[in-house]
Amino acid sequence: MQSQYQNASSPPAPWGYWTTLGWALLAFAISLVVTALFLSWLNLNPVSLPTRANYDGTTIAITIFVSTPVQIAILVLAAQIRRWPATDYLGLVWPGRREVYVGLAGVVVLIVAFDGMFLLFGEEIVSEFQIGIYRDADAGGWLLWLLIAAAVVAPIGEEIMFRGFLFRGWARTRTDAPYAIAVIALAWSVLHIQYNWLGILQVFTAGLLLGWMRWLTGSTLLTIMMHSAINVVAMAETAVRFEWTRG
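Colleague: Hey, could you go over helix 5 (residues 128-139) for me, with residue numbers and the actual values?
Modeller: When the terminal C-alpha atoms of helix 5 are compared, their 16 Å separation across twelve residues agrees well with the 16 Å that a helix rising 1.5 Å per residue should span. Buried residues of helix 5: Phe129, Gln130, Ile131, Gly132, Ile133, Tyr134 and Ala137, and no others. Phi turns positive, to about 75 degrees, at Gly141, one or two residues after helix 5.

This is the structure in structure tokens:
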């Protein structure tokens with residue numbers, strides 16, 4: 001996909017640091033309100049953030065399906081107000097084939113390394129949270145939708161927010177980029193409080209990898225693919241452990 005600004009002398013400046021944060025928080029807040037209203041209409045309890053004690057896989061799946069398009073719509077609006085095509089602003093451009101291979105190879109290394117660390121520290125590779133939401137969704141007939149939410153919808157929404165919108169506003173120069181990658185990875189990992197310290201470290205490291213690939217290739221579509229691959233493996237490991245313990 002060719003950027004509209006590829007041959008332009010100077011595209012409009014992206015939103016500033018604080019305005020970028022403001023738009024992101026606004027998108028997050030509005031999506032939570034819309035989701036809470038929708039869940040209330042369904043007579044379900046709203047879920048703002050997953051926690052270790054919350055194993056309601058059905059509600060979490062619905063939350064992802066409802067909140068994600070709301071967030072994306074607001075971020076697209078923010079890009080358009082800044083007079084950018086949303087695809088360019090959010091980095092929704094196709095990566096090269098070699099870049100895809102490199103990105104997926106990085107995912108394999110990340111997963112193997114951290115699975116080894118979990119075993120080394122005597123921790124379960126699959127957390128109780130993962131098992132809990134899998135069991136709940138399976139019992140409620142929502143397992144397929146939970147898998148789609150985790151493997152497809154959540155990676156799209158999170159990458160557009162973090163490696164798309166926030167990255168565009170914060171990685172404004174080559175000097176800014178390393179700091180932006182680290183701060184965005186930290187913010188992303190804080191949202192994953194349902195995991196223990198090693199799980200959060202894995203999320204942070206994954207965020208660094210995703211941010212670096214975003215910087216290297218300019219493609220958020222690539223980081224969506226990588227994020228999706230990570231989640232697919234996590235859900236596959238969860239399914240194996242669930243079936244093993246149930247049998």
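Next comes the rest of the write-up.
Colleague: I'd like a description of a nonpolar patch on the surface, backed by residues and values.
Modeller: On the surface, a cluster of nonpolar side chains totalling about 450 Å² of accessible area is made up of Leu120, Phe121, Trp197 and Leu201. If you trace the backbone, Trp197 turns up in helix 8 (residues 197-217). Trp197 sits in the partly exposed class, given a relative accessible area of 48%.

Colleague: Any chance you could break down the pattern of salt bridges for me, citing the residues and the numbers?
Modeller: In this structure the tally under the stated criterion is two salt bridges. Of the charged contacts in the structure, one is a salt bridge between Glu159 and Arg163, with a shortest N-O distance of 2.7 Å. Of this pair, Glu159 and Arg163 are both found in helix 6 (residues 143-170), four residues apart, which corresponds to roughly one turn of the helix. As far as the burial class goes, Glu159 and Arg163 line up, both buried.

Colleague: Break down unusual backbone geometry for me, with residues and values.
Modeller: One non-glycine residue, Arg83, lies in positive phi territory at about 65 degrees. Positionally, Arg83 belongs in the loop between helix 2 (57-81) and helix 3 (86-89).

Colleague: Help me get a handle on helix 1 (residues 17-41), residues and values and all.
Modeller: A turn of α-helix holds 3.6 residues, and therefore any two residues three or four places apart point the same way. Counted at 1.5 Å a residue, the expected span for helix 1 with its 25 residues is 36 Å, and the 37 Å between its end C-alpha atoms agrees. When we look at burial in helix 1, the residues that qualify are Thr20, Trp23, Ala24, Ala27, Ser31, Thr35 and Leu39. Against helix 2 and helix 6 lie the buried residues of helix 1. Phi for Asn43, located one or two positions after helix 1, is positive at around 60 degrees.

Colleague: Lay out the packing of aromatic side chains with the relevant residues and their values.
Modeller: Scanning the model with the defined rule gives nine aromatic pairs in all. Between the aromatic rings of Tyr134 and Phe242, the centroid separation amounts to 5.0 Å while the plane-to-plane angle is 50 degrees, which identifies the pairing as tilted. Of this pair, Tyr134 sits in helix 5 while Phe242 is found in helix 9 (residues 220-246), placing the two residues 108 residues apart along the sequence. A relative accessible area of 4% means that Phe242 is categorised as buried. Ring centres of Trp142 and Trp145 lie 6.4 Å apart, and the angle between their planes is 55 degrees; this geometry places the pair in the tilted category.

The rules behind the values
Residues numbered from 1 in each chain as written. Predicted model: local features only at pLDDT ≥ 70, side-chain atom pairs only at ≥ 80, totals over all residues. Heavy atoms only, no water. Helix = DSSP H or I, 4+ residues; strand = E, 2+ residues; numbered from the N terminus. Expected span 1.5 Å × (residues − 1). Buried < 20%, exposed > 50% of the residue type's maximum accessible area, 1.4 Å probe, protein only. Patch = residues over 30% accessible without salt bridge, like charges linked within 9 Å, V, L, I, M, F, W, Y side chains within 5 Å. Areas by Shrake-Rupley, 256 points an atom, 1.4 Å probe, with all protein chains shown as cover. Salt bridge = Lys/Arg side-chain N within 4 Å of Asp/Glu carboxyl O. Contact = heavy atoms within 4.5 Å. Phe/Tyr/Trp six-rings, centres within 6.5 Å; stacked < 30°, edge-to-face > 60°.

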